[in-house]
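# Per-entry structural report
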Amino acid sequence: MLISAKEMLNKAVEGQYSVGQFNINNLEWTKAILLTAQENNSPVILGVSEGAGKYMGGFKTIVGMVKGMIEELNITVPVALHLDHGSYEGALKAIEAGFSSIMFDGSHYSIEENIAKTKEIIKICEEKGISVEAEVGSIGGEEDGVVGSGEIADPNECKAISELGITMLAAGIGNIHGKYPENWAGLNFEALAAIKDATGNMPLVLHGGTGIPEDMIKRAISLGVAKINVNTECQLAFAKATREYIEAGKDLEGKGFDPRKILGPGFEAIKATVKEKMELFGSINKA
Ligand code: 13P
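Residues numbered from 1 in each chain as written. Predicted model: local features only at pLDDT ≥ 70, side-chain atom pairs only at ≥ 80, totals over all residues. Heavy atoms only, no water.

### Focus: helix H9 (residues 214-222)
For clarity, the threshold we go by: Throughout this description, buried means an accessible area under 20% of the type-specific maximum (1.4 Å probe, protein chains only), exposed means over 50%, and partly exposed covers the range between. A run of H or I in DSSP counts as a helix once it spans at least four residues, and a run of E counts as a strand once it spans at least two, with each numbered from the N terminus. To obtain the arc, one takes the directions from the helix axis to the C-beta atoms. Working rule for contacts: check all heavy atoms of both residues, and any pair within 4.5 Å makes them a contact.
All buried positions along H9 are accounted for by Met216, Ile217, Ala220 and Ile221. The arc enclosing the buried residues of H9, seen along the axis, measures out at 135 degrees, which places them on a common side. Where H9 is buried, its residues contact helix H8 (189-199), strand S9 (204-206), strand S10 (225-230) and helix H12 (264-281). Of the residues trailing H9, glycine 224 is marked for its positive phi of about 105 degrees.

### Notes on the packing of helix H10 (residues 232-247) against H12
Which entries qualify depends on this criterion: Every axis in this analysis is a line fitted to C-alpha atoms, fitted for helices over the stretch in contact. Angles between the N-to-C directions lie between 0 and 180 degrees. Crossing handedness follows the turn of the near helix against the far one: under a right angle anticlockwise gives a left-handed crossing, and clockwise gives a right-handed one. Residues are grouped as follows: Ala, Val, Leu, Ile, Met, Phe, Trp, Tyr, Cys and Pro are nonpolar; Asp, Glu, Lys and Arg are charged; all remaining types, including Gly, are polar.
The interhelical angle for the contact between H10 and H12, taken along N-to-C directions, is 145 degrees, at an axis separation of 8 Å. In this structure, the crossing between H10 and H12 has a hand that is right-handed. Residues Glu233, Cys234, Ala237, Phe238, Ala241, Thr242 and Tyr245 of H10 touch H12, and the partners they reach there are Pro265, Gly266, Phe267, Ala269, Ile270, Thr273, Val274, Glu276 and Lys277. Here the residues of the contact of H10 with H12 are counted per class, giving ten nonpolar, three polar and three charged.

### Re the sheet that holds strand S2 (residues 44-49)
This is how it is decided: The pairing criterion is simple: DSSP has to find at least two bridges between the two strands.
One closed barrel accounts for eight strands, arranged S1-S2-S3-S4-S5-S8-S9-S10; its pairing is parallel. The mean angle between the axes of side-by-side strands here comes to 25 degrees, regardless of whether they run parallel or antiparallel. The sheet contact formed by strand S8 (residues 168-171) and S9 spans two bridges and is parallel. Each residue of the ladder has a partner; that of alanine 170, found in S9, is valine 205. Across the sheet, helix H1 (residues 6-15) lies against strand S1 (19-23), S2, strand S3 (79-86), strand S5 (131-136), S8 and S10, angled at about 120 degrees from S10, the strand it touches most. Taken strand by strand, helix H6 (residues 111-128) contacts strand S4 (101-104) and S5, and its axis lies near 170 degrees from that of S4.

### Section: the packing of aromatic side chains
Short version of the rule: Think of it this way: a Phe, Tyr or Trp ring, Trp meaning its six-membered ring, pairs with another when their centres are within 6.5 Å, and the plane angle makes it stacked under 30 degrees, edge-to-face over 60, tilted otherwise. Two conditions define a charge located above a ring, namely a distance within 6 Å from the ring centre to NZ of Lys or CZ of Arg, and an angle within 35 degrees of the ring normal.
Under the definition given, this model contains five aromatic pairs. Each ring, one from phenylalanine 104 and one from tyrosine 109, has its centre 6.5 Å from the other, and the planes form 25 degrees; the classification is stacked. Residue class for phenylalanine 104 comes out buried when judged on its relative accessible area of 0%. Taking the centre distance of 3.9 Å and the plane angle of 40 degrees together, the rings of tyrosine 180 and tryptophan 184 count as tilted. Taken together, the ring pairs connect Tyr88, Phe104 and Tyr109 into an aromatic cluster. The ring of phenylalanine 189 has arginine 219 sitting right over it, with the charged end atom 4.2 Å from the ring centre. Sitting over the ring of tyrosine 17, lysine 286 keeps its end group 4.9 Å from the ring centre.

### Things to note about empty space enclosed by the protein
Over the atoms, a rolling probe the size of a water molecule traces out where space has been left empty. Put simply, the rule is: Definitions used throughout: a 1 Å grid over protein atoms alone; a cavity as a set of points that fits a 1.4 Å probe which cannot get out; a pocket as an open set with protein on both sides within 12 Å along at least five of seven lines; a lining residue as one with an atom within 4 Å of a point. Grid points are joined across faces, edges and corners, and a volume is the space filled by probe spheres set on the points.
Considering all chains together, one arrives at one cavity of 30 Å³ or more under this definition. The calculated volume of the largest cavity comes to roughly 40 Å³. Every residue lining the largest cavity is listed: Leu169, Ala171, Ile173, Leu192, Ile195, Leu204, Val205, Leu206 and Val225. Of all elements in the fold, only S8, H8 and S9 reach the threshold of two or more residues within the lining of the largest cavity. Here the lining of the largest cavity takes three residues from S9, the largest share from any one element. Among the residues forming the lining of the largest cavity, the class breakdown is nine nonpolar, no polar and no charged.

### Digging into the UniProt feature "active site" (unreviewed entry) in the chain
We apply this condition: UniProt positions are given in the numbering used here, feature names are shortened, and annotations may be inferred rather than shown by experiment.
Here, UniProt's "active site" (unreviewed entry) annotation points to Asp84. Mapped onto the secondary structure, aspartate 84 falls in strand S3. For aspartate 84, a relative accessible area of 2% gives the class buried.

As structure tokens, this is what we get:
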């Protein structure tokens, strides 16, 4: 069964750990993440960007695949299926398709328009028991062709949005999607502390989880971060393992060309990455 992210994130705030949002890209990704969560008795959030949604054949296809796997692979840990950086129209489509959690990213609008549109999404989601993530400030880097400049969130704006009835809040604190540049200044903990002060027990979301040093992750969790998004790191691990398989010429040996064999090492690499993150985030045995 798919559930909203509300309870798992409120528990994470209370217990001072984070639940990982791992973005999915295909069937292997989905299966690797679900199995790893089950093996480690960890709650998990599957993230789907609008681009990945189109790639996988649409939101309904994804809902069918995830629900089917939960049932047939006997996944009993809490699983939320979450739209990542949704547009207003994308959010409506994902709700309609059966997603259990929605991020409406209105960070590129004025704060007034962001609030107005977030309110409308909350109203629709409340009736259906769907959790809602809003964003203030912006996350730097590029995702699905959307380039953000990485604006630090204003604590007053965070407070205003957190009072609308959202479940979780993504606030820009110097975090970036994708690999961090050599000269990255690091997370802005002063800003995070001010946002935490302004928003109380609201679960905070840290995007751009790839490549953030462990000490910064732990400090962020101690300051109220209860959900951490990871995408690129699984992609890098998958690509490396797949490249090694091909470079070793294994696809040319026997039935090594079978896609189930070619994708095997990448699948295991995603599992290892997800487990490592769950350990770091502290979500193991928190299901
Ligand atoms: P990374 O790709 O940097 O891990 O970021 C993922 C993310 O924040 C998805 O919203």
